[in-house]
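Structure assessment
If you want the building blocks of each chain, they are given just below.
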Amino acid sequence: MTTESLGVRKDPEERGDLWQLARERGMSRRRLLQLLTAGGTAAVLASCTGLPLPTATLPAAEESSAEAPPFSKDPAPFIELGGGNLEARLENMQGLITPSQFFFVRNNSVSLEVDAADWRLSIEGDAVANPLELTYDDILDLPSRTFISYLECAGNHRSMFDLVKGQAAKGTQWKTGAVSNGVWTGAAMRDVLERAGITEEAVSVLLIGLDTDSPEEGFRRVMPVEKAMDPDTLLAYTLNGEVLPRDHGFPLRALAPGWVGAANVKWLGRIVVSSKQLWTRNNTTSYTLIGDAYPPVGEALGRPLTTQTVKSALALPWPADLAAGEHSLYGYAHSPNGPIAKVEWSSDLGATWNASTLEDPQIQPDFEHLVEVLSDNTFKYSWTRFSLTWDAGPGEHTIMTRATDAAGNRQPDETPFNEKGYLFNQPVPHPIRVA
Ligand SMILES: Nc1nc2c(c(=O)[nH]1)N[C@H]1C(S)=C(S)[C@@H](COP(=O)(O)O)O[C@H]1N2
Ligand SMILES: [Mo]
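Scoring rules and cut-offs
Residues numbered from 1 in each chain as written. Chains lettered and ligands numbered in written order. Predicted model: local features only at pLDDT ≥ 70, side-chain atom pairs only at ≥ 80, totals over all residues. Heavy atoms only, no water. Near = heavy atom within 4 Å. Polar contact = N/O pair within 3.5 Å; in protein donor to acceptor, adjacent residues only side chain to side chain. Areas by Shrake-Rupley, 256 points an atom, 1.4 Å probe, with all protein chains shown as cover. Helix = DSSP H or I, 4+ residues; strand = E, 2+ residues; numbered from the N terminus. Nonpolar A, V, L, I, M, F, W, Y, C, P; charged D, E, K, R; others polar. Core = buried A, V, L, I, M, F, W, Y, C linked by side-chain atoms within 4.5 Å. Buried < 20%, exposed > 50% of the residue type's maximum accessible area, 1.4 Å probe, protein only. Contact = heavy atoms within 4.5 Å. Phe/Tyr/Trp six-rings, centres within 6.5 Å; stacked < 30°, edge-to-face > 60°. Pairing = 2+ DSSP bridges. Salt bridge = Lys/Arg side-chain N within 4 Å of Asp/Glu carboxyl O. Axes fitted to C-alpha atoms, helices over the stretch in contact; angles between N-to-C directions.

1. Brief notes about the site of ligand 1
Surveying the vicinity of ligand 1 reveals 20 residues, the closest of which are Phe 104, Asn 108, Asp 211, His 248 and Lys 266. With respect to ligand 1, the backbone of Arg 106 contributes an N or O atom lying 3.0 Å from an oxygen atom. A distance of 2.7 Å is found between a nitrogen atom of ligand 1 and a side-chain nitrogen or oxygen belonging to Asp 211. Taking 530 Å² as the accessible area of ligand 1 by itself, protein coverage stands at 100%. In terms of residue count, the dominant contributor to the shell around ligand 1 is strand 3 (residues 105–107) (3 residues). Its residues assigned to classes, the shell around ligand 1 shows 10 nonpolar, 6 polar and 4 charged.

Structure follows, in structure tokens:
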């Protein structure tokens, strides 16, 4: 995949490409982000074009109303499931990248409002020699990486335990929209851990969010040191080229490509590096596979989740209503183990399977400019868009899709039940009514 195949480059000013314009005018990424945070696009353009600048330093604390709304984005385009959850409608996504306004949200409490000027990230624990406190600017000053990654809640497809297997699992009844695909920029978590003098004794890295209303003080999730030190595990501060939205963890979140959504801690405030295996609610009773198929590990009631599994879904409403005749249907497939090799589809509940077409990574024009700052692993963690052609006759139908990744992992015929309904990945029979 080369950048040429992604489309013709236009003049950055003409296509409103802030990042490239800023780069051409010699503006540092740090300055760009400061301006974006403080005054949005207008502030960056003013600075690039030499117009008088709004007095923009770091964000002035917004006047906080008595009760902050649970989300900063408009919930209208989403399926609202109650609590802190906004389920994405895959049919809203017209290309590879999920625009922020359609990106799913999963909060155990509410979207926090954090002032970057007061915010600090502390790195502490018995397995760091040099505990640190970093400011937002310190993080922006570190070398950055940019790539596309999907982010999926471990509970995505949970309602299928009930709808498909007739055995309901506890938790938010997501259908297929607790997943989205974004372009992320951040510092490598590894660089920060190394600055703090991480020692050879390190075993567990505990990430703690600033949420105070979540079931335990700060949303916390333990990551093994190997994943924390993976160069692609980020402390992310932009999504789709814009300052990380409040709903997605401003000013800083963890991005753990391929791992369960819960590992991607938002509004990150503390990192504790420990020489012992740590256990908290979120790797003992939550975000843990509990059931007959999953013998308990350590202090957990089952097997703590790590990576997601290979999955696919159609980008259609549930149920979908179509007119009779030939249709091109689209969907998305993803795996934590590299690219998708094939997606098959079945209109007879899996008796026979047909090949679907894997689309080239189509970056929508709005996001094309970001590709220029991308690297070798630009698409490594991206989902894949696929299409199939179906001749729809009147009546009630289902279409199932089944993905196989490059490592040969295929969606299984059966996902064993687990109490909290994580990682359902057997093919989903998508209901379609044809009139
Ligand atoms: N601080 C904090 N981080 C969090 C959560 C949370 O409730 N609080 N939810 C987690 C879960 S369960 C998921 S699936 C992802 C969702 O990320 P998104 O809302 O940006 O899509 O965030 C994770 N990070
Ligand atoms: Mo999640």
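2. What to know about the nonpolar core
Ranked by size, the top nonpolar core spans 55 residues in total, and within it Ile 123, Ile 139, Leu 193, Ile 271 and Val 273 carry the most contacts. In this structure Ile 139 touches Trp 119, Leu 121, Leu 134, Ala 187, Val 192, Leu 235, Tyr 237 and Leu 252, once residues within four positions along its chain are discounted.

3. A few points about the packing of aromatic side chains
According to the stated counting rule, one finds 10 aromatic pairs in the structure shown. For the pair Phe 104 and Trp 174, a centre-to-centre distance of 6.1 Å together with 90° between the ring planes defines the contact as edge-to-face. Taken as a pair, Phe 104 in the loop between strand 2 (84–87) and strand 3 and Trp 174 in the loop between helix 4 (159–163) and strand 7 (179–188) lie far apart in primary sequence, 70 residues in all. Side by side, Phe 104 and Trp 174 carry an identical accessibility label, which is buried.

4. Quick word on the sheet that holds strand 20 (residues 354–355)
Pairing in this open sheet of 5 strands is mixed, and the strands run 17-24-23-19-20 from one edge to the other. The sheet is open, and its two edges are formed by strand 17 (320–322) and strand 20, each paired on a single side. As paired elements, strand 23 (residues 395–405) and strand 24 (residues 430–434) share 5 bridges and run antiparallel to each other. The partner of Glu 396 across the bridge, within strand 24, is Arg 433.

5. Focus on the pattern of salt bridges
Counted by the stated rule, this structure contains 9 salt bridges. With its nearest N and O atoms 3.7 Å apart, the salt bridge here joins Lys 170 to Glu 419. With Lys 170 in the loop between helix 4 and strand 7 and Glu 419 in the loop between strand 23 and strand 24, this residue pair connects regions lying 249 residues apart in the sequence. Lys 170 sits in the exposed class, given a relative accessible area of 54%. Given a relative accessible area of 36%, Glu 419 falls into the partly exposed group. Measuring nitrogen to oxygen at the nearest pair gives 3.1 Å for the salt bridge that ties Glu 344 to Arg 402. Pair noted here: Glu 344 is in strand 19 (residues 340–346) and Arg 402 is in strand 23, with a separation of 58 residues, a long-range link. You'll find Glu 344 and Arg 402 in the same group, each marked buried. Through salt bridges with shared partners, one network takes in Arg 145, Asp 232 and Lys 380.

6. Observations concerning the pairing of strand 10 (residues 234–239)
Burial runs high along strand 10: 6 of the 6 residues are buried. In this structure, strand 7 lies alongside strand 10, joined through 5 bridges in antiparallel fashion. Pairing of Thr 185 across the sheet is with Thr 238, part of strand 10. Alignment of strand 10 against strand 12 (residues 253–255), held across 3 bridges, turns out to be antiparallel. Bridged to Leu 235 within strand 12 is Ala 254. The pairing of strand 10 with strand 11 (residues 242–243) spans 2 bridges and is classified as antiparallel.

7. Regarding unusual backbone geometry
For the bond from Phe 250 to Pro 251, the omega torsion is 5°, close enough to zero to count as cis. In this model, Trp 318 is joined to Pro 319 through a cis peptide bond whose omega is -10°. With respect to the helices and strands, Pro 319 occurs in the loop between strand 16 (311–314) and strand 17. Positive phi values are uncommon outside glycine, yet Tyr 287 reaches one of about 50°. Backbone geometry at Leu 423 places phi at a positive 55°, although glycine is not the residue there.

8. Focus: the sheet that holds strand 5 (residues 132–134)
One open sheet accounts for 5 strands, arranged 5-4-13-8-9; its pairing is mixed. A strand with exactly one partner marks an edge of an open sheet, and here the two such strands are strand 5 and strand 9 (220–224). Sheet twist, expressed as the mean angle between neighbouring strand axes with direction ignored, is 15°. The sheet contact formed by strand 8 (residues 204–209) and strand 9 spans 5 bridges and is antiparallel. When the sheet's bridge partners are listed, Val 205 is paired in strand 9 with Met 223.

9. A short note on the environment of Pro 257
Here Pro 257 lies in the loop between strand 12 and strand 13 (268–274). Distance in space between the C-alpha atoms of Pro 257 and Lys 227 is 9.5 Å, their sequence separation being 30 residues. For Pro 257, the contacting residues outside a window of four places in its chain are Phe 147, Ser 149, Lys 227, Asp 232, Thr 233 and Tyr 381.

10. A look at the environment of Gly 298
Along the polypeptide, Gly 298 turns up in the loop between strand 14 (288–289) and strand 15 (303–304). Take Gly 298: its relative accessible area is 63%, and that puts it in the exposed class. For the pair Gly 298 and Gln 277, spaced 21 residues apart in the sequence, the C-alpha separation amounts to 8.9 Å.

11. Some details on the pairing of strand 2
Neither face of strand 2 is left uncovered, since the one carrying Gly 84 and Leu 86 and the one carrying Asn 85 and Glu 87 both have all their residues buried. The pairing of strand 1 (residues 79–80) with strand 2 spans 2 bridges and is classified as antiparallel. For Ile 79, the partnering residue across the bridge sits in strand 2 and is Glu 87. In this structure, the hairpin formed by strand 1 and strand 2 is closed by a connection of 3 residues, where Gly 82 is found at a positive phi of approximately 85°. Bridge count for strand 2 against strand 3 is 3 bridges, and the pairing is antiparallel. By the bridge assignment, Asn 85 is partnered in strand 3 with Arg 106.

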